[in-house]
Amino acid sequence: MTSATPTVPAEPGRDTIREQRGAVAGLSWALGWLAGIVAILVTAMSAASAVQLAGVPDPGRLTTYGLPAVTAVGEVSAAIALGSAVFAAFFVPPQSDGVLDVGGYRAIRIAATAALTWSVCAVLLIPLSISNVSGQPLSASLKPANLINSYSQVADARTWLWTAIFAVAAAALARVILKWGWTFGAIALMVLSLMPAALAGHSSTGGNHDVATNSLILHIVGATLWMGGLFAVLVYALANGRWRVLAVRRFSRVAFWTILVVGVSGVINALVRMPLADLFSDTYGRLVLAKTCALVVLGALGAWHRRVTITRLEDEPGQRSTFVRFGIVETLVFAITFGLAVGLSRTPPPAGESADISAVEAQIGYRIDAPPSLWRILVDWRFDLLFGTLAIVLAIVYLRAVVRLRRRGDEWPVGRTVAWILGCALLLFTTSSGLGRYAPAMFSMHMIAHMLMSMMIPVLLVLGGPITLALRALRPAGRGNPPGPREWIQSAIHSAPSRLLTHPAVAAVLFVGSFYVLYLGGVFEAVVPYHAAHILMNVHFLLSGYLFYWIVIGIDPAPRQVRPVAKLGIVMGSLPFHAFFGVALMMTSAVIAEGYYRSLNLPFAYDLFDDQRAGGGIAWAAGEIPLVVIMLALLVQWRRQDEKQARRYDRRAVRDHDADLDSYNEMLKDLHNRK
């Protein structure tokens, strides 16, 4: 990325542009209409029973069928937006000065238009959702007074408002992007726009809703990226883009993993929502089977692409007709699948799924029948689909990189590998063992998990040196070739956001200051009932801890070079605030989130204030072990730096025959003679 003034990439002639825009618009509208029609047809199969189960008057056909149609169009638009933004970031290279190439520039503009369409659909879904929940006609829900009064009462209205906010932000950013680095911001905002809907719906209620919600997050993001990426590559191939073979090859790799994620998460979500016996006897089950069949067809088409059309395109880059034909067919099947998914979300699941669940199960998704003990923490596991999967994936990817180095004849320190694997194992244990099970239900257990996520796991991961390993294991693109993963990592390290986040003051405030804001500022009490809040807290704990320790004891290349003495000062200046936080928590006179913890109605008695005071003691004492590890790491790094400097001096002395020493002796001799 350079500081030169960016210029808009040159585009083809006007006639060609009109043809390309017409093809893109035509394909987009076809996908949206097809998904909407399928959603309407599927909704019609169970519309009457859905109204009856809801216990509200029929809001009318405009709401009954307009809601799934608008949802389907919006979700197709979201897929196009996310896929096009990812295409601009990863599938085609930018120009040498960091400005998007023609293909990337066109893709990010398509992403802006699609994100704006997604936001418009989300806004339309606010009154439609209010009408659907209240049973009033859409005309009544559109009245400003009803919209304002119903917003705080209808969860779906808040869901779609937040979706619209994130989508508008993504559209605005994508519309002004010219530099490659900013595409990551558009991608992040588009993923955020998918989260409100993923955290609502059938998966957010009933038993096991933690597993159902996590699997739905993976399912929605995977399916959206899969369809959107295919659409972007297809549009690029239609435009006869310069890097079409590279784009297709990169999308093929992404598609393989998205197919795996979508398939596994879909099976898990279906098994959580309904028993196998209802697959053939219930409308919901038959729709699940239909959606599964559509995904199987998509997977088969993807395999065909990988084995036949992509190979043919690589052998004969000018022959793109076969790829385009099969790509269009695959996107149409995707539109049908999205319509089925929307119709499935509008279909009542089997009635017995949420029967006879306890208060704690309704709140956190599973039962807790006994107080915590060392044995239960060690053996009572409940796998976390998000963080447990992340821990396993991180360990596998790291070990594969180490194996690649060793096969190449390069060495990699065993201590770094041990540190990384221990960090991944501790992440898996913290989120999926009995500790992860009790963390949402008891403050003391939550604080243990918090301290491990922010204080211990990041230390081990940082000592693993993953960036250094990646830079050594990944092959450089080579001069004149498009940048690849190795160049992306280097660009991210030296980017302006990285320099800002790695400023010691910023990293320390994010790491320590968030403790005070979260627990003593009232944020924790406001958000603790929500599953999304627990996910975000864990993400923040991991990232802020990793960022802080990367600066302090990191062995990876960083945007800022900090001297060992300064690193020691950062540690000694930050950790006392952590200890003060633990003391302040123990001295708090009121129970934090008392209403939430009492509403769980756990089947065993314990004092909430004593439990909170124990959590404060845990926070106060938790800094001791990381402090010892940090001090040892700093001493080792300091010693190695001195040894490296000494070896450098020795090599220079050998080259110049101790010229520095001779010069020093001559100076002393001259001073002596002057006397």
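Refer to the structure above for everything that follows.
> Go over helix 23 (residues 531–553) with me, naming the residues and quoting the values.
With 23 residues, helix 23 should reach 33 Å at 1.5 Å per residue; the first-to-last C-alpha distance of 33 Å fits that figure. Of all 23 residues that make up helix 23, 17 are buried, and the element is covered over most of its length.

> Any chance you could break down empty space enclosed by the protein for me, citing the residues and the numbers?
Taken as a whole, this structure holds four cavities of 30 Å³ or more when the rule is applied. Taken together, 32 residues form the lining of the largest cavity, with D384, G436, P440, H534 and N538 sitting closest to its centre. Of all elements in the fold, only helix 8 (209–238), helix 12 (359–364), helix 15 (414–432), helix 16 (434–438), helix 17 (443–463) and helix 23 reach the threshold of two or more residues within the lining of the largest cavity. Per-element accounting of the lining of the largest cavity gives the leading share, six residues, to helix 23. Across the lining of the largest cavity, the residue classes tally to 17 nonpolar, 11 polar and four charged. When its volume is computed, the second largest cavity comes out at roughly 50 Å³. For the second largest cavity, the full set of lining residues is S84, F87, G103, R106, A107, I110, A232, V235 and Y236. Of all elements in the fold, only helix 2 (61–91), helix 3 (102–134) and helix 8 reach the threshold of two or more residues within the lining of the second largest cavity. It is helix 3 that provides the largest number of residues to the lining of the second largest cavity, a total of four residues. Of the residues assigned to the lining of the second largest cavity, the class counts are six nonpolar, two polar and one charged.

> With reference to specific residues and values, describe the pattern of salt bridges.
Counted by the stated rule, this structure contains eight salt bridges. With a closest N to O distance of 3.5 Å, R367 and D369 form a salt bridge. You can call R367 partly exposed: its relative accessible area is 43%. A cluster of three or more residues bridged by salt bridges with shared partners is formed by E361, R367 and D369.

> Residues and numbers for the side chain of S432, please.
As for its position among the elements, S432 is in helix 15. Discounting chain neighbours no more than four positions away, the residues touching S432 are W381, R382, F383, D384 and G388.

> Can you explain the nonpolar core? Please cite residues and give values.
Within the largest apolar cluster, 169 residues are counted, with the highest numbers of intra-cluster contacts made by F87, I368, Y519, F524 and Y549. In terms of nonpolar packing, the next biggest core, distinct from the first, is built from eight residues, V38, A270, A294 and L344 among them.

> Lay out the environment of N538 in plain terms, naming residues and giving numbers.
As for its position among the elements, N538 is in helix 23. With 89 residues separating them in the primary sequence, N538 and A449 have C-alpha atoms 8.9 Å apart. In this view, N538 contacts F387 and M453; residues no more than four positions away in its chain are not counted.

> Quick one: what's the story with a positive patch on the surface, residue by residue and with numbers?
Together, R400, R404, R407 and R475 make up a positively charged patch on the protein surface. Its location among the elements puts R404 in helix 14 (residues 387–407).

> Before we move on, could you go through helix 7 (residues 183–198) and cite the residues and values that matter?
Between its first and last C-alpha, helix 7 extends 23 Å over 16 residues, near the 22 Å set by a 1.5 Å rise per residue. T183, A186, I187, L189, M190, S193, L194, M195, P196 and A198 are the residues of helix 7 that are buried. Check the buried side of helix 7 and you find it contacts helix 2, helix 3, helix 6 (155–176) and helix 8.

> Can you break down unusual backbone geometry residue by residue, with the values?
Of note, A593 is a non-glycine position whose phi angle comes to about 55°, a positive value. Its identity as a non-glycine residue notwithstanding, N601 has a phi of 50°, on the positive side. Mapped onto the elements of the fold, N601 is located in the loop between helix 25 (594–599) and helix 26 (608–621).

> Describe the packing of aromatic side chains, listing the residues and the values that go with them.
The final tally for this structure, using the stated rule, is 26 aromatic pairs. For the pair F90 and F184, a centre-to-centre distance of 5.4 Å together with 70° between the ring planes defines the contact as edge-to-face. Highlighted residues: F90 in helix 2 and F184 in helix 7, separated in sequence by 94 residues. Looking at F184, the relative accessible area reads 32%, which means it is partly exposed. Ring geometry for Y596 versus Y597: centroids 5.1 Å apart, planes at 65°, classification edge-to-face. Take Y597: its relative accessible area is 5%, and that puts it in the buried class. Chaining the aromatic ring pairs together yields one cluster made of F443, F511, F515, Y516, Y519, F524, F548, Y549 and F581. Lying across the ring of W412, R416 places its NZ or CZ 4.9 Å from the centre.

> Just give me the short version of a nonpolar patch on the surface, but keep the residues and values in it.
Taken together, the side chains of W29, W33, I37 and L41 present a nonpolar region at the surface, about 520 Å² in accessible area. Looking at where W29 falls in the secondary structure, it is placed in helix 1 (residues 14–54). Judged by relative accessible area, which is 58%, W29 ranks as exposed.

> Tell me about the side chain of S193, residues and numbers included.
Of note, S193 is situated in helix 7. At 3.1 Å, the side chain of S193 and the side chain of W118 are in polar contact. Residues in contact with S193, not counting those within four places in the same chain, are W118, T163, F166 and A167.

Parameters and conventions
- Residues numbered from 1 in each chain as written.
- Predicted model: local features only at pLDDT ≥ 70, side-chain atom pairs only at ≥ 80, totals over all residues.
- Heavy atoms only, no water.
- Helix = DSSP H or I, 4+ residues; strand = E, 2+ residues; numbered from the N terminus.
- Expected span 1.5 Å × (residues − 1).
- Buried < 20%, exposed > 50% of the residue type's maximum accessible area, 1.4 Å probe, protein only.
- 1 Å grid on protein atoms, 1.4 Å probe; cavity = no way out; pocket = protein on both sides within 12 Å on 5 of 7 lines; lining within 4 Å.
- Points joined across faces, edges and corners; volume = space filled by probe spheres on them.
- Nonpolar A, V, L, I, M, F, W, Y, C, P; charged D, E, K, R; others polar.
- Salt bridge = Lys/Arg side-chain N within 4 Å of Asp/Glu carboxyl O.
- Contact = heavy atoms within 4.5 Å.
- Core = buried A, V, L, I, M, F, W, Y, C linked by side-chain atoms within 4.5 Å.
- Patch = residues over 30% accessible without salt bridge, like charges linked within 9 Å, V, L, I, M, F, W, Y side chains within 5 Å.
- Areas by Shrake-Rupley, 256 points an atom, 1.4 Å probe, with all protein chains shown as cover.
- Lys, Arg positive; Asp, Glu negative; His and termini not counted.
- Charge placed at Lys NZ, Arg CZ, Asp CG, Glu CD.
- Phe/Tyr/Trp six-rings, centres within 6.5 Å; stacked < 30°, edge-to-face > 60°.
- Lys NZ or Arg CZ within 6 Å of the ring centre and 35° of its normal.
- Polar contact = N/O pair within 3.5 Å; in protein donor to acceptor, adjacent residues only side chain to side chain.

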